[in-house]
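# Observations on the three-dimensional arrangement
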Amino acid sequence: MIQSMLAPVAEMGRAGMFLMRMLGGVRLEWRLLQSTMQQLFLIGARSLVIIMICGFFVGMVLALQSINALQQFGASDQVSLLVGKSLFRELGPVLTALLFAGRAGTSIAAEIGLMKATSQIDAMELMAIDPVRRIALPRFLAGLLAVPLLTAMFNALAIMGAVIYSVGVAGLDVGVFWTKLQTGVFFHKDFLGGVYKSIVFGGIVSLVAVWYGFSARPTGAGVGTATTNTVVVSSVLVLIFDFIMTSFLT
Amino acid sequence: MNSDGTTQEILIKIRGLTFRRGDRLILDAVDMDIPRGSVVAIMGPSGVGKTTILKLIAGQLRPDSGSVLIGEQDVARLKRAELFKLREEMGFLLQNGALFTDLTVFENVATPLREHCKLSESAIESAVGKKLEAVGLRGAEQLMPDELSGGMARRVALARAVVLDPAIVMFDEPMAGLDPIAISTINRLIRETNDRLGLTSIVVTHDVEQMIRLADYCYIIAEGQVAGQGPPAELRESENPSVAQFMNGRVEGPIPFHYDHAGASR
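How each quantity is defined
- Residues numbered from 1 in each chain as written.
- Chains lettered and ligands numbered in written order.
- Predicted model: local features only at pLDDT ≥ 70, side-chain atom pairs only at ≥ 80, totals over all residues.
- Heavy atoms only, no water.
- Pairing = 2+ DSSP bridges.
- Helix = DSSP H or I, 4+ residues; strand = E, 2+ residues; numbered from the N terminus.
- Axes fitted to C-alpha atoms, helices over the stretch in contact; angles between N-to-C directions.
- Parallel < 35°, antiparallel > 145°, perpendicular 65-115°, else oblique.
- Left-handed = near helix turned anticlockwise from the far one by under 90°.
- Nonpolar A, V, L, I, M, F, W, Y, C, P; charged D, E, K, R; others polar.
- 1 Å grid on protein atoms, 1.4 Å probe; cavity = no way out; pocket = protein on both sides within 12 Å on 5 of 7 lines; lining within 4 Å.
- Points joined across faces, edges and corners; volume = space filled by probe spheres on them.
- Contact = heavy atoms within 4.5 Å.
- Buried area = accessible area lost by both parts, 1.4 Å probe.
- Salt bridge = Lys/Arg side-chain N within 4 Å of Asp/Glu carboxyl O.
- Polar contact = N/O pair within 3.5 Å; in protein donor to acceptor, adjacent residues only side chain to side chain.
- Core = buried A, V, L, I, M, F, W, Y, C linked by side-chain atoms within 4.5 Å.
- Buried < 20%, exposed > 50% of the residue type's maximum accessible area, 1.4 Å probe, protein only.
- Expected span 1.5 Å × (residues − 1).

### Re the sheet that holds strand 3 (residues 39–43) of chain B
Residues and elements named next belong to chain B. Read from one edge of the open sheet, six strands run 6-7-8-3-9-10, paired in mixed fashion. Single-partner strands in this sheet number two, and they are strand 6 (90–93) and strand 10 (225–230). Across the sheet, the axes of successive neighbouring strands diverge by a mean angle of 15°, strand direction being ignored. Across five bridges, strand 7 (residues 168–172) lies against strand 8 (residues 200–205) in parallel orientation. Bridge pairing in strand 8 places Ile 168 opposite Thr 200.

### Digging into the packing of helix 4 (residues 79–117) of chain A against helix 8 (residues 187–214) of chain A
Residue and element names in this part refer to chain A. It is the contact of helix 4 with helix 8, at a shortest axis distance of 8 Å, that shows an interaxial angle of 15°. With respect to their mutual orientation, helix 4 and helix 8 come out roughly parallel. Taken as a pair, helix 4 and helix 8 cross one another with a handedness that is right-handed. Here the contact of helix 4 with helix 8 is built from residues that sort into 15 nonpolar, five polar and seven charged.

### Considering empty space enclosed by the protein
This model, assessed by the stated rule, comprises two cavities of 30 Å³ or more. One number sums up the size of the largest cavity: a volume of about 120 Å³. Lining the largest cavity are 14 residues, with Met 127 of chain A together with Met 90, Gly 91, Phe 92 and Arg 160 of chain B sitting closest to its centre. Secondary structure elements with two or more residues in the lining of the largest cavity: helix 5 (120–126) of chain A together with strand 6 and helix 5 (150–162) of chain B. With three residues, strand 6 of chain B is the largest single contributor of residues to the lining of the largest cavity. For the lining of the largest cavity, the residue count by class is 10 nonpolar, one polar and three charged. Looking at the second largest cavity, its volume works out to about 70 Å³.

### Things to note about the layout of surface pockets
Reported here for the largest pocket is a volume of approximately 1300 Å³. Lining the largest pocket we find 37 residues, and of these Arg 31 and Arg 134 of chain A together with Thr 111, Arg 114 and Glu 115 of chain B sit closest to its centre. For the lining of the largest pocket, the elements supplying multiple residues, two or more each, are helix 2 (30–44), helix 4 and helix 6 (131–169) of chain A together with helix 2 (80–87), helix 3 (105–116) and helix 4 (121–134) of chain B. Element by element, the count of residues in the lining of the largest pocket is highest for helix 2 of chain A, at seven residues. Here the residues of the lining of the largest pocket sort into 15 nonpolar, six polar and 16 charged.

### Details of the sheet that holds strand 1 (residues 10–21) of chain B
The strands making up a sheet associate through backbone hydrogen bonding, with each pair oriented either parallel or antiparallel. All names here are of chain B. Strand order across the open sheet formed by four strands is 2-1-4-5, with antiparallel pairing between neighbours. Looking at strand neighbours, the two that pair on one side only are strand 2 (24–35) and strand 5 (73–74), the edges of this open sheet. Where helix 1 (residues 50–57) meets the sheet, its contacts fall on strand 1, strand 2 and strand 4 (65–70), and the angle it forms with strand 1 comes to roughly 120°.

### A closer look at the interface of chain A and chain B
Counting residues at the interface gives 15 residues for chain A and 20 residues for chain B. Each partner contributes to the roughly 1600 Å² buried at the junction of chain A and chain B, and carbon and sulfur atoms together form 56% of this total. Our enumeration of links across chain A and chain B arrives at four salt bridges. We note a salt bridge from Arg 80 of chain B to Asp 130 of chain A, for which the minimum N-O separation is 3.5 Å. Summed over the shared surface of chain A and chain B, the result is seven residue pairs in polar contact (both at pLDDT 80 or more). The element contributing the most residues to the side of chain A that touches chain B is helix 5 of chain A, with six residues.

### Thoughts on the nonpolar core
Counting 101 residues, the largest nonpolar core has Phe 18 and Met 22 of chain A together with Ile 12, Ile 57, Ile 70 and Ile 202 of chain B as its most contacted members. Here the element with the most residues in this core is helix 6 of chain A; it accounts for 16 residues. Beyond its immediate sequence surroundings of up to four residues, Ile 12 of chain B is in contact with Met 32, Asp 33, Ile 34, Ile 57, Val 68, Leu 69, Ile 70, Ile 168 and Ile 202 of chain B. Core analysis: the next-biggest nonpolar cluster, separate from the first, contains 35 residues, Val 39, Ala 110, Leu 189 and Ile 190 of chain B among them.

### Examining the pairing of strand 2 of chain B
Residues and elements named next belong to chain B. In terms of strand pairing, strand 1 meets strand 2 through eight bridges, oriented antiparallel. Bridged to Arg 20 within strand 2 is Leu 25. Counting the residues between successive antiparallel strands, the hairpin from strand 1 to strand 2 contains two residues, one of them, Gly 22, with a positive phi of roughly 65°.

### Observations concerning helix 3 (residues 48–71) of chain A
Across its 24 residues, helix 3 of chain A extends 34 Å between first and last C-alpha, which sits within 8% of the 34 Å expected from 1.5 Å per residue. Elements that come into contact with the buried residues of helix 3 of chain A comprise helix 4 and helix 6 of chain A.

### Brief notes about the packing of helix 3 of chain B against helix 5 of chain B
Residue and element names in this part refer to chain B. The N-to-C vectors of helix 3 and helix 5 enclose an angle of 25°; their axes lie 7 Å apart at closest approach. Classified by the angle between their axes, helix 3 and helix 5 sit roughly parallel to one another. Seen from above, helix 3 lies across helix 5 with right-handed handedness. Across from Val 105, Asn 108, Val 109 and Pro 112 in helix 3, the residues of helix 5 making contact are Val 156, Ala 159 and Arg 160. Here the residues of the contact of helix 3 with helix 5 sort into five nonpolar, one polar and one charged.

Rendered as structure tokens:
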């Protein structure tokens, strides 16, 4: 009983040590930069389409809901304020991280798990190449960079969706929309807070993904479990850390 | 010829090697001597711990007791950095080759070079080309591993294993699952590279016929211990019941057919 309660704690400890081992491998070298850039393309750029589509529709639905609610108080011209604040502070970073976990986290975990199942990780170690440094680190760093960048795209497309709905469908004035957004949404408090969050989320999702990939049992079922665990655990952690960070940032 | 194994320098000395997995005893006080320059086969039924011996030699696993001495170094006592240094002197051909599936044949063979040597691109190209030439795969550089046949993949893995010109090369079931022609090719390549590059080769296999053609010296492992050893031709005549059972592939004999959970208590 106590043992099963302690198991997650022990696992967190091991994952933390894994993170330390990974960060210990950071060197200013051309090859690390190169492989990080390659991963940034594979997990970041390849996630762009889904992030942009989702961002656009989240922006539209936010505007729709906000206008409906604000109309009751005759304040529907405040819609860009509501959309902007909720987007930059919360929805942008959180939804991007959750989508990223589903799109890129799973592929990282499955890829590493499969490399393990086909003893490529073993082969690497036997060639005196540290697989944590060569395989895990570039993916982790790429995730750390990719989530903030993807969040920016998500936000941009969401604002676009909101403009299109508010102006095109609900018939609000386009000048009012932008003015409210410019004067009411603050760079430090609203925008940067979201950026900090998205960096942390990027770290969480990619750490969870490489960790489950590396600790996967080297079988088909093991890889499957690792993939599922990646999505479940990173989503839960993102939401928990979202609350913790929000309470400190505001 | 180096089949007597008596007058030669011993490169790898294994003494009292004992290894447990959980409470099951896998290896029980195994002693082995692997002379420099020879091809030594480690044989035995599947699941008897042959691969475990290779992993212990490479320091990927640590023994519960006993030691593996390579030259003067005790593998189990090395720090991680020293172990990695030592592994640069070792080449491995793992079961099924274990090629990196996201890299081309060329990049697979070039990986150890890029990692451990500061070479120019043209030096890497010529070194990789030479090794691929030796395994008869010049021209396959740009293929991906999933475009190779089983035998070709094994040959690429062999080229990768020897690209750093190691002192020791270990082969884990190099012939498993290949067609007869590919088996003979791999067999010949192991012999050729061993003699031409002056390597010491350790081959783990359960294929009796191939081992007789290939090895200079042979250890047969059964039930966690060395059941027999000697040049292959002598082993064939062995009176030891475990050795005779294995060499002739008989079901009846001291090597049990049933999974022996009581083995846990040994």
